[in-house]
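Each chain is listed here by its residues.
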Amino acid sequence: MGVLQICLEVSSDNSCLSDSLREKQYDAFYKPLASYLYKHPKFLVAMSFSGAQIEFLEDRHPEMLEMLRELTNRNQVEIVGGGFYNPIFPLLFPVDRSGQIEKMNAKLRSTIGKRPRGMTVYGSIWEPSLVTPFQSCGMEYVHLDSTLIPSTAKGFFPVIASEHGKAIKILPVYKNFLPTDDESGEEWVSRIKKAVRKDLEDDETKDFDPVVTIALSPEKYPELVKTNVFSHIQEAVVLAEDSDVVHFTLPQQYLKTARKCIPAYIPAGMDWDIAQWARKMYEKCENKTRFPITIRDFLNTYRQNNHLYERMMYVSMIISQCHGGDKMRKKAAQEKLWESQAGYNFVELPYGVPALHSRQQAAYRVLNEAEKLIRESQKTPESVTSYDYNSDGLNEYVCQMEKFHAVISRISGHICELDLFNAGSDYASSLSRISKFDSCSDNYSRGILVEHLLDDKDMKNYIDAKPFASRVFSNVLFSEKKLELRKNTIQLTGNGSFSSLHVPVSLKKNYIISSNGFVVQYILKNETPLPLKGYFVVEANFAEIHYSAELVLNGKRTVVPETSSYNVDKGVSMLYIKDVENKNSFLFEPNEEAGFCTNYIAFKRPDGQGTVYENAHTLTACFYWNVELAGQRAIEKTINFTIVPERKYR
């Protein structure tokens, strides 16, 4: 074995911090680290930042950037690049991949003075197609977690990956080589050397210098302080000065003189901290298959994450298709899109669990602002189109109106996405209860305008927000009977069986979409000669809003309690819901007086350490009617759902 080269890399996993938390992180980690480096010129470190961190330092602590500039000039620190908003690169179009990298390169060059030659990727989320855009943006190497490297390419040497004639070097990053509290610097280096020698028993590698890149995270710094990690590393650095077998180096310094790289194909994959959560919802699982786990598996497991990805792809598509129009608005829309692509909107690092639902809603707001800018740029006309919006093999109905973007699913025929352009979030993006954490399971997707047909027992449970047996219409795949794009009307039909007698019933659901919202006509029919008695329920779920609500009950205005259940069995002719934060309002007007119930539902989920906490909440508002249908008879109900954006109330 040649001379062992050790690279230390510092990268922040959590770039979504508020300014106050980022200030605390600066005081606890970056400031003392910079001071330590300044006093110990032999201590070499590669450092990576997100664009938000650089902007924070530029605004609050420009002296830190000056110090980093000096440390890089004396070749003690190497700044590693990446995407400006720490995106998940495999989820982006090529133009967005390159745009994020170039934006970060420009920011680092203007603040620290050097263009990076290497980069990190969020959560080591990788796929082979990234080689081309990375190499085209001037990147010479990428840091990836060592668990992604195939066993055939192991050997503590750089890996070189190629795709379509382009190639890039990969430096594996090891998390298990940090010094522990009970080992000295000499013992720590000895442990690394032992692991390297064990892997390099081939005589062919004895004349080449292996490299070990070790990750150090600010989020785990408080734990590392207890182990005296810096003093141990500094001890090893001092010993290495006079050593012929160990050197501390920087990635760029090493690669300039490296004489051996291992060609390998790196399949799609990601850091095991994320992958372990990707197979079963909120359960850690080992990968016992021969296939690597990818970010696509993660999205398929967590429906809400996938919905955000679909929305992001849609906005990215309409921006790329925007030709002409206002170039300044298009550029601003592109910036908003990049901001929404931040990896922390999908995955929470360092633990790898899905991101907070509130963070996803914040991403929807940014995407809505981006779409608004594009629509203003080209004065896009209103339209309703039908295509496979979410790649599930079924056509959805995408409604592009003046004030909102909505998607209607054929599964239950409900509104599965509702975005208002004036900074409103996705109001239809509600979670569903899981029995493991919420004491019961919904077993259907909560959205806006979901229907149920319930008997007396199920209705009582429903009002009390308890589990109910009937799944009539809420899980039915509706068929398209008529679609008139010019008139913005959709006619759907669903069939199911009701009660323990399995009485066949059908529901016709006709949408009329306008600039102000939706008019929905329901025709519920008993398809047998036998009589039917039950409750027809129309449910609307509003995600993550702080609301005030009023209804007209027997001709009088009545305030609806904010966080407690409420129920009246008849007499409701109108419901008014206001999003207190964003000032958007929603008006429901049934054509006949109805019963009404509402619940405030909190959804609990575990964090990466197993602690269960309230992750999200939803306002559930329901109209219901007591129906009695003779054989082969039908009833008709209509609900006018009006969307009133903020500006109406200014």
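The text that follows walks through the structure, step by step, so that each part is easy to find. (Residues numbered from 1 in each chain as written. Predicted model: local features only at pLDDT ≥ 70, side-chain atom pairs only at ≥ 80, totals over all residues. Heavy atoms only, no water.)

### A few points about the overall build of the protein chain
Here is step 1 of the chain: Each helix and strand in the protein chain was counted, giving 16 helices and 29 strands.
Here is step 2 of the chain: Over its C-alpha trace the protein chain gives a radius of gyration of 29 Å, about what one expects of a compact globule, namely 26 Å for 650 residues.
Here is step 3 of the chain: Here the C-alpha coordinates of the protein chain stretch approximately 95 × 50 × 45 Å along the principal axes.
Here is step 4 of the chain: A burial count over the protein chain gives 58% of its 650 residues as buried.
Here is step 5 of the chain: As displayed, the protein chain has an accessible area near 27300 Å², and 49% of this comes from carbon and sulfur atoms.
Here is step 6 of the chain: Of the side chains in the protein chain, 77 bear a positive and 82 a negative charge, and the two mean positions are spaced by 4 Å. (Helix = DSSP H or I, 4+ residues; strand = E, 2+ residues; numbered from the N terminus. Rg over C-alpha atoms; globule rule 2.2 N^0.38 Å. Buried < 20%, exposed > 50% of the residue type's maximum accessible area, 1.4 Å probe, protein only. Areas by Shrake-Rupley, 256 points an atom, 1.4 Å probe, with all protein chains shown as cover. Lys, Arg positive; Asp, Glu negative; His and termini not counted. Charge placed at Lys NZ, Arg CZ, Asp CG, Glu CD.)

### Overview of unusual backbone geometry
Here is step 1 of the chain: Of note, the bond from Leu349 into Pro350 is cis; its omega dihedral lies within 30 degrees of zero at 15°.
Here is step 2 of the chain: Among the secondary structure elements, Pro350 is positioned in the loop between strand 11 (347–348) and strand 12 (353–354).

### Considering the packing of helix 2 (residues 51–60) against helix 4 (residues 94–111)
Here is step 1 of the chain: One way to put it is that helix 2 packs onto helix 4 with a least axis distance of 10 Å and a crossing angle of 25°. As summarised for this structure, helix 2 and helix 4 are arranged roughly parallel, according to the angle between their axes. Read as a crossing pair, helix 2 and helix 4 show a hand that is left-handed. Within the contact between the two elements, helix 2 uses Gly51, Ile54, Glu55 and Glu58 and helix 4 uses Met104, Lys107, Leu108 and Thr111. (Axes fitted to C-alpha atoms, helices over the stretch in contact; angles between N-to-C directions. Parallel < 35°, antiparallel > 145°, perpendicular 65-115°, else oblique. Left-handed = near helix turned anticlockwise from the far one by under 90°. Contact = heavy atoms within 4.5 Å.)

### A word on the packing of helix 4 against helix 13 (residues 327–340)
Here is step 1 of the chain: Look at helix 4 against helix 13: their axes get within 11 Å of each other, and the N-to-C directions meet at 90°. Comparing their axes, helix 13 and helix 4 come out roughly perpendicular. Mapping the contact onto sequence places Asp96, Gly99, Gln100 and Lys103 in helix 4 and Gln334, Glu335, Leu337 and Trp338 in helix 13.
Here is step 2 of the chain: Here the contact of helix 4 with helix 13 is built from residues that sort into two nonpolar, three polar and three charged. (Nonpolar A, V, L, I, M, F, W, Y, C, P; charged D, E, K, R; others polar.)

### A word on the packing of aromatic side chains
Here is step 1 of the chain: Scanning all chains against the criterion turns up 31 aromatic pairs.
Here is step 2 of the chain: On the numbers, 5.2 Å between centres and 25° between planes, the contact of Phe156 with Tyr174 is stacked. A residue pair is termed long-range when its members are at least 10 positions apart, and Phe156 in the loop between strand 5 (141–145) and strand 6 (159–163) and Tyr174 in strand 7 (residues 166–174) qualify at 18 residues.
Here is step 3 of the chain: With relative accessibility at 10%, the residue Tyr174 sits in the buried group.
Here is step 4 of the chain: Judged by centre distance (6.0 Å) and plane angle (50°), the ring pair of Phe588 and Phe623 falls under tilted. (Phe/Tyr/Trp six-rings, centres within 6.5 Å; stacked < 30°, edge-to-face > 60°.)

### Some words on the pattern of salt bridges
Here is step 1 of the chain: Tallied over the full model, the rule gives 29 salt bridges.
Here is step 2 of the chain: One salt bridge in this structure joins Lys509 and Glu451, with 2.7 Å as the shortest N-O distance. Taken together, the residues span a long stretch of sequence, with Lys509 in strand 20 (residues 503–514) and Glu451 in strand 17 (residues 448–454) at a distance of 58 residues. Like Lys509, the residue Glu451 is buried in the burial classification.
Here is step 3 of the chain: With a shortest N-O distance of 3.5 Å, Lys482 and Glu484 are connected by a salt bridge.
Here is step 4 of the chain: Residue class for Lys482 comes out partly exposed when judged on its relative accessible area of 39%.
Here is step 5 of the chain: Salt bridges sharing partners connect three or more residues here, namely Asp19, Arg22, Glu23, Asp59 and Arg60. (Salt bridge = Lys/Arg side-chain N within 4 Å of Asp/Glu carboxyl O.)

### Concerning empty space enclosed by the protein
Here is step 1 of the chain: Scanning the model with the defined rule gives five cavities of 30 Å³ or more in all.
Here is step 2 of the chain: Taken together, Arg433, Tyr444, Arg446, Tyr462, Ala465, Lys466, Phe468, Glu539, Asn599, Ile601, Thr620 and Cys622 form the lining of the largest cavity.
Here is step 3 of the chain: For the lining of the largest cavity, the elements supplying multiple residues, two or more each, are strand 27 (594–606) and strand 28 (612–629).
Here is step 4 of the chain: Counted by class, the lining of the largest cavity contains six nonpolar, two polar and four charged residues.
Here is step 5 of the chain: Space inside the second largest cavity adds up to approximately 60 Å³.
Here is step 6 of the chain: Every residue lining the second largest cavity is listed: Arg22, Gln25, Tyr26, Tyr30, Phe49, Gln53, Phe56 and Leu57.
Here is step 7 of the chain: When residues of the lining of the second largest cavity are traced back to their parent elements, those giving at least two are helix 1 (19–39) and helix 2.
Here is step 8 of the chain: When residues in the lining of the second largest cavity are grouped by element, the largest group, four residues, is from helix 1.
Here is step 9 of the chain: Split into classes, the residues belonging to the lining of the second largest cavity amount to five nonpolar, two polar and one charged. (1 Å grid on protein atoms, 1.4 Å probe; cavity = no way out; pocket = protein on both sides within 12 Å on 5 of 7 lines; lining within 4 Å. Points joined across faces, edges and corners; volume = space filled by probe spheres on them.)

### Describing the environment of Gly494
Here is step 1 of the chain: Tracing the backbone shows Gly494 in strand 19 (residues 489–498).
Here is step 2 of the chain: For Gly494, the residues in contact, after removing those within four places along its chain, are Phe473, Val476, Phe478, Val505, Ser506 and Leu507.

### Here we look at helix 3 (residues 62–73)
Here is step 1 of the chain: Taking 1.5 Å per residue, 12 residues should reach 16 Å; helix 3 reaches 17 Å between its end C-alpha atoms and fits that length.
Here is step 2 of the chain: Along helix 3, the residues classified as buried are Met64, Leu65, Leu68, Leu71 and Thr72. Projected down its long axis, helix 3 shows its buried positions confined to an angular sector of 120°, all on one face.
Here is step 3 of the chain: Of the residues trailing helix 3, Asn75 is marked for its positive phi of about 60°. (Expected span 1.5 Å × (residues − 1). Arc of directions from axis to C-beta.)

### Comments concerning helix 13
Here is step 1 of the chain: Taking 1.5 Å of rise per residue, the 14 residues of helix 13 would be expected to cover 20 Å, and the 20 Å separating its terminal C-alpha atoms lies within 8% of that figure.
Here is step 2 of the chain: Looking only at helix 13, the buried set comprises Ala333, Gln334, Leu337, Trp338 and Ser340. Projected down its long axis, helix 13 carries its buried residues within an arc of 155°, all on one side. Away from its buried face by more than 90 degrees, helix 13 exposes Met328 and Lys331.
Here is step 3 of the chain: Packing partners of the buried residues in helix 13 comprise helix 4, helix 12 (303–320) and helix 14 (357–378).
Here is step 4 of the chain: A distance of 3.0 Å separates the backbone nitrogen of Met328 from a side-chain oxygen at the start of helix 13, and that oxygen is part of Asp326. (Polar contact = N/O pair within 3.5 Å; in protein donor to acceptor, adjacent residues only side chain to side chain.)

### Some remarks on the nonpolar core
Here is step 1 of the chain: Counting residues in each nonpolar core, the largest one holds 122 residues, and the members touching the most others are Met47 and Phe134.
Here is step 2 of the chain: Among the elements that make up this core, the one with the highest residue count is helix 12 (eight residues).
Here is step 3 of the chain: Counting residues in hydrophobic clusters, the runner-up holds 60 residues, among them Cys399, Leu449, Phe623 and Val627. (Core = buried A, V, L, I, M, F, W, Y, C linked by side-chain atoms within 4.5 Å.)

### Side note on the environment of Thr642
Here is step 1 of the chain: Along the polypeptide, Thr642 turns up in strand 29 (residues 634–644).
Here is step 2 of the chain: The exposure class assigned to Thr642 is buried, which follows from its relative accessible area of 18%.
Here is step 3 of the chain: Along the sequence, Thr642 and Glu589 sit 53 residues apart, while their C-alpha atoms lie 8.4 Å from each other.
Here is step 4 of the chain: In contact with Thr642, other than residues within four places in its own chain, are Asn516, Ser585, Phe586, Leu587 and Glu589.

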